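Descriptive analysis of the structure
Okay, here's what each chain looks like letter by letter:
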Amino acid sequence: MQTKTGLLLALALAGGAAAAAPARCTDLRLSGGGVWVDKPYGTGCTWYGAEAKRCEWYGSRYRNEHTAGEACCVCGGGMRTDGQQTPVPTPPPPPPPTSSSMSAKVLAKSHLVAFWDFETKGPTGNFVARSNVDNEGAEEAEGLYPVWLRRGHDGSEVGAPGYTEATWPSSHPVTATRAGGPFNGKGLNVKGTTLFATVERKSFDRTPLDISGADPFSLVAWVWFPAGSNRHHIAGIWDEGTWGKYSGQRQYALFRIGRYGHRLFGHISATGAASYPQAGTGGDQYARIRALNGAHLSEGEWHMLAMTHDGAQAQSSQDGVSTPNSYEEGEEWVEERVYKDAFNPVTNPKEFSWGVFHPLRFVVKFNGYDVTADQVNEHYVRVDLKSPAAQRTITYGVKAPSLPAIASRTYRVTYTFKRGGALVAQGSGSFDVRNNAGTAHLSPSLVVEADDRLQLELTRNGARVGSVVEHRMGPGAAFSFGRILGDGTTMVLGGVAMYNRVLSEAELQDLASF
């Protein structure tokens, strides 16, 4: 379908302005003759109303009891006929900031939660996102999901406010252009601690952008890496914390890393912290669940990079192609040490049914026990403080080589919430392994705050299993572009899009065609 630009007019039809007889609308009259055809909807305006927000993005907002198709036709560049009148085209308004056909491709795909092209700006001068879904709960005083520019070591790297393009204090250009790019070659000029960017947590907490649990999603980025660049973070909700086993606020993110042959991987976390704290080996403090694409990621040219999650697995792709990949023996030694013979080396796609971390709904895994002697790969609990008050729970679970071998066991989990060292709440629950789960209901009156501590102790027959675990309750991470810690990333970031569904291979290939 051709790109429709300049079709954003506000509909202000007064009462009685519509013709008495129902109007028959036809779509935009083409300059070379004929009428625009929207497959499979034909020459009418049905396409505009077929999916939410199409009217707003390609036509107009509608009211006064007009359908989306009528409104877009009347005020969005289409043609309206009444009876035997001759159709007269609506004069087109000025084009939007980005005239690239790629923008139209991105916006035309359904369930688009956010699309940052690093050109569209809000009322306060921040780069903002566009969307075609209802982003209920999002603060929009500064525009949808406003971007704050940041730099390291001057206080702007944490918290708000950061900078807009107009207030940027550095001589380093905010944007840069590289030939052949998808959005006229222009993008955010990310460079280590010199320039990176965030969308603050308060702008998207509990909105569709705040992906968690089994939510499906597709995260897409268009990136140009210079020669000699190494790593690492591209985009996503990710905070490494202090790299302790129970530190961090990680949800999902795209990375590039040189260690595995300059390849793309999609990181995803259920714990927000270490993926396998019980491994008892070097590297067990890191998040290690990742869909590692099998293709080499070249420098000096534009790429479309993506990761998807369908609730059962995560998958990464480069330029519309997901290349299968598996770890070689010993390459992922942490997970292999935990699961031993049951270790699955396939890493693209990567099995992941744990659910994506949220600061109020997450997994905590115990550590300090011997995997072989205990006959258990993972002792864990699921903590749910996000559900309505009466449904908040702590649920025990176990993964073992043979559940029948440990089916007679009963474990007890004792939990304690503390604030500044003072007790807030405590309790315990007894869990039967035979059912592979058990649930302790938390008090409906329990209110947790950022920086509260959740302590968890696991016992069997009165004896402690492993270590007492302390989880710090955090506010959640920002959505970051280019840096989360360390030296950060050097790249030109042309655009980032988040969909709350899994895009098909054909759709990803379409977004890779520019």
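Counting of residues starts from 1 at the beginning of each chain's written sequence and follows it residue by residue. Predicted model: local features are reported for residues with pLDDT of at least 70 only, side-chain atom pairs are reported and counted for 80 or more only, and whole-chain, interface and lining totals are derived from all residues. Computation of side-chain values covers all heavy atoms of the structure but excludes hydrogens and water.

1. Topic: the pattern of salt bridges
The rule for a salt bridge is simple: a side-chain nitrogen of Lys or Arg has to be within 4 Å of a carboxyl oxygen of Asp or Glu. For the structure on display, the rule yields 23 salt bridges. Residue arginine 472 pairs with aspartate 451 through a salt bridge whose shortest N-O separation is 2.8 Å. Placement of the pair is arginine 472 in strand β28 (residues 469–472) and aspartate 451 in the loop between β25 (438–441) and β26 (453–460), with a sequence separation of 21 residues. The buried label applies to any residue whose accessible area, calculated with a 1.4 Å probe on protein chains only, is under 20% of its type's maximum; exposed applies above 50%, and partly exposed to all values in between. Among the residues examined, arginine 472 registers a relative accessible area of 37% and is labelled partly exposed. Here the salt bridges do not stand alone but share partners, grouping Asp451, Arg453, Glu470 and Arg472 into one network. What counts as a helix is a DSSP run of H or I of at least four residues, what counts as a strand is a run of E of at least two, and both are numbered from the N terminus.

2. Notes on the sheet that holds strand β13 (residues 263–268)
Note: two strands are recorded as paired if DSSP finds a minimum of 2 bridges between them. Taken in spatial order, the seven strands of this open sheet run β6-β9-β29-β11-β12-β13-β14, and their pairing is antiparallel. Because the sheet does not close on itself, it has two edges, and the strands there are β6 (148–150) and β14 (290–292). If you compare each strand with its neighbour and ignore which way they point, the axes differ by 20° on average. In this structure, strand β11 (residues 232–237) lies alongside strand β29 (residues 479–481), joined through three bridges in antiparallel fashion. Each axis is a line fitted through C-alpha atoms, taken for helices only over the stretch in contact, and angles between the N-to-C directions span 0 to 180 degrees.

3. Here's the deal with the pairing of strand β23 (residues 410–419)
Within a regular strand, the side chains alternate between the two sheet faces. Note: β23 against strand β24 (residues 422–432), ten bridges, orientation antiparallel. Within β24, the position partnered with threonine 410 by the bridge is aspartate 432. Where β23 meets β26, eight bridges bridge the pair, whose relative direction is antiparallel. Bridge assignment links threonine 416 to a residue of β26, and that residue is glutamine 455.

4. Considerations on the packing of aromatic side chains
Only centres within 6.5 Å qualify two rings of Phe, Tyr or Trp (six-membered ring in Trp) as a pair; their planes then separate them into stacked at under 30 degrees, edge-to-face at over 60, and tilted for everything else. The final tally for this structure, using the stated rule, is 20 aromatic pairs. Between phenylalanine 115 and phenylalanine 183 the ring centres are 5.6 Å apart and the planes differ by 45°, which places this aromatic pair in the tilted class. Linking phenylalanine 115 in strand β4 (residues 112–121) with phenylalanine 183 in the loop between β7 (175–177) and β8 (186–191), this pair joins segments that are 68 residues apart in sequence. Given the relative accessible area of 0%, phenylalanine 115 is considered buried. An aromatic cluster of at least three residues, connected via ring pairs, comprises Trp116, Phe118, Phe127, Tyr145, Phe217, Tyr252, Phe479 and Phe481. Between arginine 256 and the ring centre of phenylalanine 225, over which it is positioned, the NZ or CZ distance is 4.5 Å. Remark: a charge is flagged as sitting over a ring if the NZ atom of Lys or the CZ atom of Arg is within 6 Å of the ring centre and within 35 degrees of the ring normal.

5. A few points about the environment of tyrosine 145
For tyrosine 145, the location among the structural elements is in the loop between β5 (127–130) and β6. Relative accessible area serves as the criterion here: at 0%, tyrosine 145 is assigned to the buried category. For the pair tyrosine 145 and alanine 114, spaced 31 residues apart in sequence, the C-alpha to C-alpha distance is 7.7 Å. Residues adjacent in sequence count toward polar contacts only when both atoms are side-chain atoms; beyond that, a polar contact is any pair of N or O atoms within 3.5 Å, and within protein one must be able to donate a hydrogen and the other to accept it. Of note is the side chain of tyrosine 145, whose polar atom sits 2.5 Å from the side chain of asparagine 135.

6. Things to note about the sheet that holds β25
In space, the four strands of this open sheet follow the order β20-β21-β22-β25, with antiparallel pairing throughout. Each edge of the open sheet carries a strand with a single partner, namely β20 (361–365) and β25. Between one strand and the next, the sheet's axes are offset by a mean angle of 20°, whatever the strand orientation. Examined bridge by bridge, strand β21 (residues 378–384) and strand β22 (residues 393–399) share seven bridges and lie antiparallel to one another. Counted as the bridge partner of valine 381 is tyrosine 396 from β22.

7. Notes on the nonpolar core
Generally speaking, soluble globular proteins have nonpolar side chains that are buried together. The term nonpolar core refers to a set of buried residues drawn from Ala, Val, Leu, Ile, Met, Phe, Trp, Tyr and Cys, joined through side-chain atoms within 4.5 Å. Counting residues in each nonpolar core, the largest one holds 70 residues, and the members touching the most others are Trp116, Tyr145, Ile234, Phe479 and Phe481. Considering each element in turn, this core owes the most residues, five residues, to strand β12 (residues 252–257). Residue contacts follow a heavy-atom distance rule, with two residues in contact if any of their heavy atoms lie within 4.5 Å. Ignoring any residue separated from it by four or fewer positions in sequence, one finds phenylalanine 479 in contact with Trp116, Ala197, Thr198, Val199, Phe204, Leu209, Leu219, Ala235, Gly236, Ile237, Tyr252 and Val496. Counting 33 residues, the second-largest nonpolar core is a separate cluster that includes Val371, Val383, Ala425 and Leu456.

8. Brief notes about the environment of proline 475
Considering the arrangement of structural elements, one finds proline 475 in the loop between β28 and β29. The exposure class of proline 475 is partly exposed, given its relative accessible area of 48%. Once the C-alpha coordinates of proline 475 and glutamate 449 are considered, the two residues, 26 residues apart in sequence, prove to be 8.1 Å apart.

9. Some details on the side chain of glutamate 335
Here glutamate 335 lies in helix α5 (residues 333–339). A distance of 2.9 Å separates the side chain of glutamate 335 from the side chain of lysine 350, its partner in a polar contact. For glutamate 335, the residues in contact, after removing those within four places along its chain, are Tyr276, Lys340, Phe343 and Lys350.

10. Concerning the confidence of the model for the chain
Low pLDDT means the predicted coordinates in that region are not meant to be read closely. You can read pLDDT as the predictor saying how much it trusts each residue, on a scale of 0 to 100. For the chain, per-residue confidence averages 84 on the pLDDT scale, and 78% of positions sit at 70 or higher. Every residue in residues 1–23 scores below 50 in pLDDT, and together they form 59 contacts with partners more than four places removed in sequence or on other chains. Scored below 50 in pLDDT, residues 77–99 shows 55 contacts in the model against residues more than four places distant or in partner chains.

11. Things to note about the pairing of strand β15 (residues 302–309)
Within β15, eight of the eight residues are buried, which leaves the element mostly enclosed by the surrounding structure. Every second residue of β15 is oriented toward a common face, with Trp302, Met304, Ala306 and Thr308 on one face and His303, Leu305, Met307 and His309 on the other, all of them buried. With eight bridges connecting them, strand β10 (residues 217–224) and β15 associate as antiparallel partners. Residue pairing for β15: tryptophan 224 is matched across the bridge by tryptophan 302. In terms of strand pairing, β15 meets strand β16 (residues 313–318) through five bridges, oriented antiparallel. Opposite histidine 309, over in β16, you have alanine 314 as the bridge partner. The hairpin formed by β15 and β16 contains three residues between the paired strands, and glycine 311 there has a positive phi angle of roughly 100°.

12. Quick look at unusual backbone geometry
As a rule of thumb, non-glycine residues mostly have phi less than zero, and peptide bonds are mostly trans rather than cis. With an omega of 5°, the peptide bond running from asparagine 348 to proline 349 counts as cis. One can find proline 349 in the loop between β18 (346–348) and β19 (350–351). Although it is not a glycine, histidine 111 sits at a positive phi angle of roughly 65°. Here histidine 111 shows up in the loop between α4 (101–108) and β4. Using a relative accessible area of 39% as the deciding quantity, one classes histidine 111 as partly exposed. Even without being glycine, asparagine 461 reaches a positive phi, approximately 55°. Along the chain, asparagine 461 falls in the loop between β26 and β27 (463–464).

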